[in-house]
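Now for the letters of each chain:
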Amino acid sequence: STVPLDDKETYALLQRGDTAGVFQFESAGMRHVLMRLKPRCLEDLTAVLSLYRPGPRSSIDLYLENRSHPEKIAYAHPLLEPILKPTYGCMVYQEQVMEICRVLSGYSYGRADIVRRAMAKKKADVLKAERESFLSGAAKNGVAPDVAERLFDDMESFANYAFNKSHAAAYAVISYQTAYLKTH
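1. Here we look at the overall build of the protein chain
Broken down by element type, the protein chain carries 10 helices and zero strands. For the protein chain, the succession of helices and strands along the chain, N to C, is α-α-α-α-α-α-α-α-α-α. Computed over the C-alpha atoms, the radius of gyration of the protein chain is 18 Å, within 12% of the 16 Å expected from 2.2 N^0.38 for a compact globule of 184 residues. Here the C-alpha coordinates of the protein chain stretch approximately 55 × 35 × 30 Å along the principal axes. Sorting the 184 residues of the protein chain into buried and exposed places 44% on the buried side. Sequence-distant contacts, at least 24 apart, represent 61% of the contacts inside the protein chain between residues at least 6 apart. Element-wise, carbon and sulfur atoms account for 54% of the exposed surface of the protein chain, whose accessible area totals about 9200 Å². Computed over 24 positive and 22 negative side-chain charges, the inter-centroid distance for the protein chain is 3 Å.

2. Concerning the packing of helix α2 (residues 28–37) against helix α4 (residues 60–68)
Running from amino to carboxyl end, α2 crosses α4 at an angle of 15 degrees, the nearest separation of the two axes being 11 Å. With respect to each other, α2 and α4 are oriented roughly parallel. Crossing of α2 against α4: the hand is right-handed. Residues Val 33, Arg 36 and Leu 37 of α2 form the contact with α4, whose own contacting residues are Ile 60, Asp 61, Tyr 63, Leu 64 and Arg 67. For the contact of α2 with α4, the class distribution of residues is five nonpolar, no polar and three charged.

3. Side note on the layout of surface pockets
Approximately 400 Å³ is the volume found for the largest pocket. Every element with two or more residues in the lining of the largest pocket is listed here: α4 and α9 (145–158). When residues of the lining of the largest pocket are assigned to their parent elements, the largest contribution, five residues, is made by α9.

Cut-off values and rules
Residues numbered from 1 in each chain as written. Predicted model: local features only at pLDDT ≥ 70, side-chain atom pairs only at ≥ 80, totals over all residues. Heavy atoms only, no water. Helix = DSSP H or I, 4+ residues; strand = E, 2+ residues; numbered from the N terminus. Rg over C-alpha atoms; globule rule 2.2 N^0.38 Å. Buried < 20%, exposed > 50% of the residue type's maximum accessible area, 1.4 Å probe, protein only. Contact = heavy atoms within 4.5 Å. Areas by Shrake-Rupley, 256 points an atom, 1.4 Å probe, with all protein chains shown as cover. Lys, Arg positive; Asp, Glu negative; His and termini not counted. Charge placed at Lys NZ, Arg CZ, Asp CG, Glu CD. Axes fitted to C-alpha atoms, helices over the stretch in contact; angles between N-to-C directions. Parallel < 35°, antiparallel > 145°, perpendicular 65-115°, else oblique. Left-handed = near helix turned anticlockwise from the far one by under 90°. Nonpolar A, V, L, I, M, F, W, Y, C, P; charged D, E, K, R; others polar. 1 Å grid on protein atoms, 1.4 Å probe; cavity = no way out; pocket = protein on both sides within 12 Å on 5 of 7 lines; lining within 4 Å. Points joined across faces, edges and corners; volume = space filled by probe spheres on them.

Listed below in C-alpha cells is the structure:
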C-alpha cells in the first residue's frame, strides 16, 4: 500500500514492454500495445487493460491514434462527446455503454444496466427488444436512425467481453505494483 503510483522507472519498464512476471501484462500482444501506448499514469494502465479484451480490442489502433492526435476525434453524435472524450472517442468501459443508453435514449440507470448485462451475456431475445427501445428513445432525442443503429451495433459487439472501469482499475493497481516490484 506504500508503493508510489507515479514512479518514472516503473513506467519506463512498462513502456519498454519488459513485463515478464507483471500481472496481466505478460503476453506478446499486451507488451506490444504497452510499447505503442507508452503509459504515463494509472489511467493509461486501466484503459489498456480494458482495451485488450475481445470486445474493445478492435478500437486499440483508433484509441492510440486519437490519443496522439486528439484533433482527429470524431463523434457520431454530439451527445457522445462527454461520454467518450476521456477515452479519446472510443468505447472502453461497460459504464460508457450504460451512459450512451441513458443520454441518447433516455434510459434509467437500471434499464441501462439491463442492456449492458444482456449484451455481455448475449441474450438475443432481450437485445432485440432493447434495440427497438434504444432506437425509439434515440429518435426522440434527435439522433438519426442510421447513427442509432450503428451505435447499438457497436455497443453490442463491444460489450461481448468488456471490463467495467472499477475492475480494470483494480487490475491496473495490481499490475502497476508488480511492475514496481520488478523495477525495484
